[in-house]
Amino acid sequence: QVPLQESGPGLVKPSQTLSLTCTVSGGSITAGYRGWSWVRRPPGRELEWMGVIAYDGSTYISPSLKSRTSISRDTTKNQISLQLRSVTPEDTAVYYCTRSSIATNRYDDWGQGTQVTVSS
């Protein structure tokens, strides 16, 4: 088992909601001073940070995605979830779950990433 593993649908239709889950095996999501972020890379484009949920449950979403994006957690399952509503083909990307240190504000672990295609 890898420390971070994304799961969810590989294909979503336009206007629907994308739901992804990150199962964390490398440590508790409630352990102190860690942030758990969703990051995506559209084809041919730069990495885009989407949002974060911290160890205490607080969240912050990228302003450009705030109206469509929710991040939540299930502490009993040690999972982080992403919901991206009203998707369009521009949301096609590889989606990553990441861990960061709040002390250093740097990523220190990544999942493998999961390809999501938005298409009719």
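Figured I'd write up the structure that's included with this text. All of these numbers come straight from a predicted model, not from anything done at the bench.

## Some details on the sheet that holds strand β8 (residues 79-84)
Then, in step 1: Reading across the sheet, the 4 strands line up as β1-β3-β8-β7 and stay open at both edges, with antiparallel pairing between neighbours. Each of the sheet's edge strands pairs with one partner strand only, and the pair in question is β1 (4-7) and β7 (69-74). Averaged over neighbouring strand pairs, the angle between their axes works out to 20 degrees when direction is ignored.
Then, in step 2: Looking at chain direction, β7 and β8 are connected through 6 bridges and run antiparallel. In the sheet register, S70 faces β8, and the bridge partner there is Q83.

## Quick notes on the nonpolar core
Then, in step 1: Core analysis: the largest hydrophobic core is formed by 23 residues, its most contacted members being L18, W38, I80 and Y95.
Then, in step 2: For this core, the secondary-structure elements that each account for two or more residues are β3 (18-24), β4 (34-41), β5 (48-54), β8, β9 (93-101) and β11 (114-118).
Then, in step 3: Of the residues forming this core, the biggest block, 4 residues, is contributed by β3.
Then, in step 4: Beyond its immediate stretch of four places on either side in the chain, I80 contacts L20, T21, C22, V24, I29, W36, W38, I53, I71, S72 and R73.

## A few points about the packing of aromatic side chains
The way to describe two aromatic rings as a pair is by their centre distance and the angle between their planes.
Then, in step 1: Tallied over the full model, the rule gives 4 aromatic pairs.
Then, in step 2: Ring geometry for Y96 against W110: centres 5.5 Å apart, planes inclined by 80 degrees, an arrangement best described as edge-to-face. Of this pair, Y96 sits in strand β9 while W110 sits in strand β10 (residues 106-110), placing them 14 residues apart in sequence.
Then, in step 3: Y96 sits in the buried class, given a relative accessible area of 13%.
Then, in step 4: Three or more aromatic residues link up through ring pairs in this structure, and these residues are Y96, Y107 and W110.

## Here we look at the state of the cysteines
Then, in step 1: Taken as a whole and judged by the stated rule, the model has 1 disulfide.
Then, in step 2: Disulfide pairing is shown between C22 and C97; the S-S distance is 2.1 Å. Judged by the sign of its S-S torsion, about -75 degrees, the bond between C22 and C97 is left-handed. Placement of the pair is C22 in strand β3 and C97 in strand β9, with a sequence separation of 75 residues.

Cut-offs and rules
Residues numbered from 1 in each chain as written. Predicted model: local features only at pLDDT ≥ 70, side-chain atom pairs only at ≥ 80, totals over all residues. Heavy atoms only, no water. Pairing = 2+ DSSP bridges. Helix = DSSP H or I, 4+ residues; strand = E, 2+ residues; numbered from the N terminus. Axes fitted to C-alpha atoms, helices over the stretch in contact; angles between N-to-C directions. Core = buried A, V, L, I, M, F, W, Y, C linked by side-chain atoms within 4.5 Å. Buried < 20%, exposed > 50% of the residue type's maximum accessible area, 1.4 Å probe, protein only. Contact = heavy atoms within 4.5 Å. Phe/Tyr/Trp six-rings, centres within 6.5 Å; stacked < 30°, edge-to-face > 60°. Disulfide = S-S within 2.5 Å.

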